[in-house]
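In case you want the letters, here they are:
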Amino acid sequence: MADLGELVRAAVETAEADEAVEAYAEESRQTEARALRGEVEGLEFAESRGVGVRLIRDGRLGYAYAADPSIEEVRSAVARARENAALTEPDEFNVLPSAEPITPIPALFREDSAEVATADKVQMALDLERRLVTTDPRVTKVDLAQVGDAVSRAAIASTAGVDAEYARTDAWVVAVTLAVEGEETQTGFSYRIARALDELGPDAIADEAIDRAVRMLGATKPVTAKVPVVLDQFAAEEFLGVLAAALNAENVLKGRSLFAEMVGREVGSELFTLVDDGTILDGPGAAPFDGEGVPSGRTELFTAGRLNGFLHDTYTAARMGGGQRSTGNAKRGSYKGSPGVGTSNFYLDNGSTTFDELLRQAEGGVLIAEVSGVHSGANPISGEFSVGATGLRIEGGGLGEPLREMTIASTLPQMLAGITGVGDDLRFFSSVGTPSVLIGEMTLAGV
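Residues numbered from 1 in each chain as written. Predicted model: local features only at pLDDT ≥ 70, side-chain atom pairs only at ≥ 80, totals over all residues. Heavy atoms only, no water.

Notes on the sheet that holds strand β6 (residues 184–194)
Taken in spatial order, the 6 strands of this open sheet run β3-β2-β1-β4-β5-β6, and their pairing is antiparallel. Only two strands of the sheet have a single neighbouring strand rather than two, namely β3 (60–67) and β6. Direction aside, neighbouring strands of the sheet carry axes that sit 20 degrees apart on average. The pairing of strand β1 (residues 20–36) with strand β2 (residues 39–57) spans 17 bridges and is classified as antiparallel. Bridging from a neighbouring strand, R29 pairs with E47 of β2. (Pairing = 2+ DSSP bridges. Helix = DSSP H or I, 4+ residues; strand = E, 2+ residues; numbered from the N terminus. Axes fitted to C-alpha atoms, helices over the stretch in contact; angles between N-to-C directions.)

Details of helix α5 (residues 202–214)
Look at α5: 18 Å from first C-alpha to last across 13 residues, which is about the 18 Å you get at 1.5 Å a residue. Regarding α5, the residues found buried are I205, A206, A209, I210, R212, A213 and V214. (Expected span 1.5 Å × (residues − 1). Buried < 20%, exposed > 50% of the residue type's maximum accessible area, 1.4 Å probe, protein only.)

Some words on the sheet that holds strand β9 (residues 298–303)
Spatial ordering of the open sheet is given by β10-β9-β8-β13-β19-β18, a layout of 6 strands whose pairing is mixed. The open sheet is flanked by β10 (306–307) and β18 (427–429), the only strands paired with a single partner. On top of the sheet, helix α6 (residues 233–246) reaches β8 (274–277), β13 (346–348), β18 and β19 (432–434); it is set at about 130 degrees to β19, its chief contact. (Contact = heavy atoms within 4.5 Å.)

Details of the pattern of salt bridges
The full count for this structure, using the stated rule, is 35 salt bridges. In this structure, the salt-bridge partner of R82 is E16, at a minimum N-O distance of 3.8 Å. Residue R82 is found in helix α2 (residues 71–86), and its partner E16 is found in the loop between α1 (4–13) and β1; the two are separated by 66 residues along the sequence. A relative accessible area of 39% places E16 in the partly exposed class. Across the salt bridge formed by D18 and R57, the nearest N and O atoms sit 3.1 Å from each other. Note that D18 is positioned in the loop between α1 and β1 and R57 in strand β2, a separation of 39 residues in sequence. (Salt bridge = Lys/Arg side-chain N within 4 Å of Asp/Glu carboxyl O.)

What about the packing of aromatic side chains?
Evaluation of the coordinates by the stated rule reveals 10 aromatic pairs. Judged by centre distance (5.1 Å) and plane angle (80 degrees), the ring pair of Y166 and F289 falls under edge-to-face. A residue pair is termed long-range when its members are at least 10 positions apart, and Y166 in strand β5 (residues 163–181) and F289 in the loop between β8 and β9 qualify at 123 residues. Residue class for F289 comes out buried when judged on its relative accessible area of 3%. A network of ring pairs unites the aromatic residues F189, Y191, F234 and F429 as a single cluster. A cation over a ring is seen here: R153 above F109, with NZ or CZ 5.4 Å from the ring centre. (Phe/Tyr/Trp six-rings, centres within 6.5 Å; stacked < 30°, edge-to-face > 60°. Lys NZ or Arg CZ within 6 Å of the ring centre and 35° of its normal.)

Digging into the packing of helix α4 (residues 118–134) against α5
Taken N-terminus to C-terminus, the directions of α4 and α5 make an angle of 35 degrees; their axes are 9 Å apart at the nearest point. When you trace α4 past α5, the crossing you get is right-handed. In this structure, α4 uses M124, L128, R131 and L132 to contact α5, whose residues at the interface are P202, D203, A206, D207, A209 and I210. Of the residues in the contact of α4 with α5, the class split is 7 nonpolar, no polar and 3 charged. (Left-handed = near helix turned anticlockwise from the far one by under 90°. Nonpolar A, V, L, I, M, F, W, Y, C, P; charged D, E, K, R; others polar.)

With respect to the packing of α1 against α2
It is at 9 Å that the axes of α1 and α2 come closest, and there the two elements cross at 40 degrees. As summarised for this structure, α1 and α2 are arranged oblique, according to the angle between their axes. Classified by chirality, the crossing of α2 by α1 is right-handed. The residues of α2 that touch α1, namely those facing E6, L7, A10 and A11, are I71, V74, R75 and V78. Here the residues of the contact of α1 with α2 sort into 6 nonpolar, no polar and 2 charged. (Parallel < 35°, antiparallel > 145°, perpendicular 65-115°, else oblique.)

Here we look at the side chain of S190
Following the sequence through the fold, S190 ends up in strand β6. Here E208 takes part through its side chain, which lies 2.5 Å from a polar atom of the side chain of S190. Here the side chain of S190 touches R427 through a polar contact of 3.4 Å, side chain to side chain. Residues within four places of S190 in sequence aside, it is in contact with V173, V174, A175, I205, E208, A209, F234 and R427. (Polar contact = N/O pair within 3.5 Å; in protein donor to acceptor, adjacent residues only side chain to side chain.)

Structural measurements only, silent on function.
This is how it looks when you write it as structure tokens:
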């Protein structure tokens with residue numbers, strides 16, 4: 001069996017004189033184990049391997065892919081991409097990026113984690129579920145206790161001189177639990193993504209899920225008021241997801257971003273610095289290069305509240321003009337599709353304020369622990385949003401009465417400008433990370 005590097009180079013060697021060809025190959029194996037009532041509820045193992053070919057001729061772009069291909073099948077994929085290109089309209093911005101030096105990130109791959117036996121992953125899930133139902137008498141039911149990991153490799157080559165590959169390991173743990181008291185049931189969840197299984201700390205994740213459920217028992221509806229608001233990391237992450245879409249150059253070019261005309265303006269608080277950086281190992285989105293072979297790097301989208309620009313791949317950078325270069329944010333869902341703009345490690349830069357100090361500064365306010373409907377409830381053009389939320393009242397510098405069925409409504413620019421504190425507790429959720437955030441004043445409405 002040819003390795004990934006041989007496959008992508010074979011595709012490039014098939015290019016004709018007037019063609020630009022890029023081949024991207026990946027292989028992965030993934031295991032997920034779930035436990036319920038002391039038994040294995042589910043065990044899934046999946047493997048995939050394939051090559052995708054992007055071919056450009058006279059500005060026309062064609063794409064084709066092959067699953068688990070031989071060298072000859074890769075060459076056939078190039079021929080199909082050529083046929084597809086002939087059927088598309090020309091676009092002068094269809095170009096491949098030139099090769100640039102790439103810095104390897106060997107720490108992305110943990111050999112010892114890749115060799116962990118499936119039985120050990122199953123035992124981790126069973127141990128997680130047992131801890132979830134034996135720690136607090138009010139928590140006897142579990143909605144999800146899951147442990148998973150993936151071992152993957154990627155390679156890319158192009159007629160523009162790109163030739164690179166890397167390997168990675170990823171692991172994750174998810175806990176969703178139910179706290180019951182009388183007729184009331186509250187849900188708590190937590191999860192963590194890490195480079196290796198031994199970095200997950202499933203006991204801490206179980207304890208956090210339990211605490212997030214139990215502390216909401218007895219929650220009441222608040223009266224409508226303007227108060228300081230602390231978004232914990234779980235809640236703040238939801239809003240960063242909306243920002244990621246608004247800062248995607250594809251959406252900007254389509255007129256679907258409220259930030260389209262704001263470059264260079266002071267939009268947020270001086271405490272607000274928003275970054276995308278595919279080189280930091282703390283984030284699950286780390287990789288030495290993006291889906292087109294452009295080196296990963298740090299892009300400050302906002303610096304001290306000032307909007308600097310957007311996330312780009314090679315196509316959007318060419319369309320934007322003005323010397324704009326790709327920010328290394330071409331992302332692929334798999335080898336089966338062309339790359340598009342996406343985030344790597346997209347995060348709000350850490351502040352210097354402890355979580356306890358944020359609570360002291362927000363005396364009389366509310367900690368928002370969960371929001372719902374952010375992505376469907378936020379207008380990507382106006383930035384207006386109105387979302388459901390649950391949380392806890394902040395009293396005496398600590399957390400007090402649990403609150404439910406409330407809404408928070410504002411606009412994203414107002415929210416960013418209203419930041420008065422940023423915690424020192426940056427935490428990543430998938431490729432999005434954020435510390436806790438204090439908003440000086442927001443309107444909370446009881447439902």
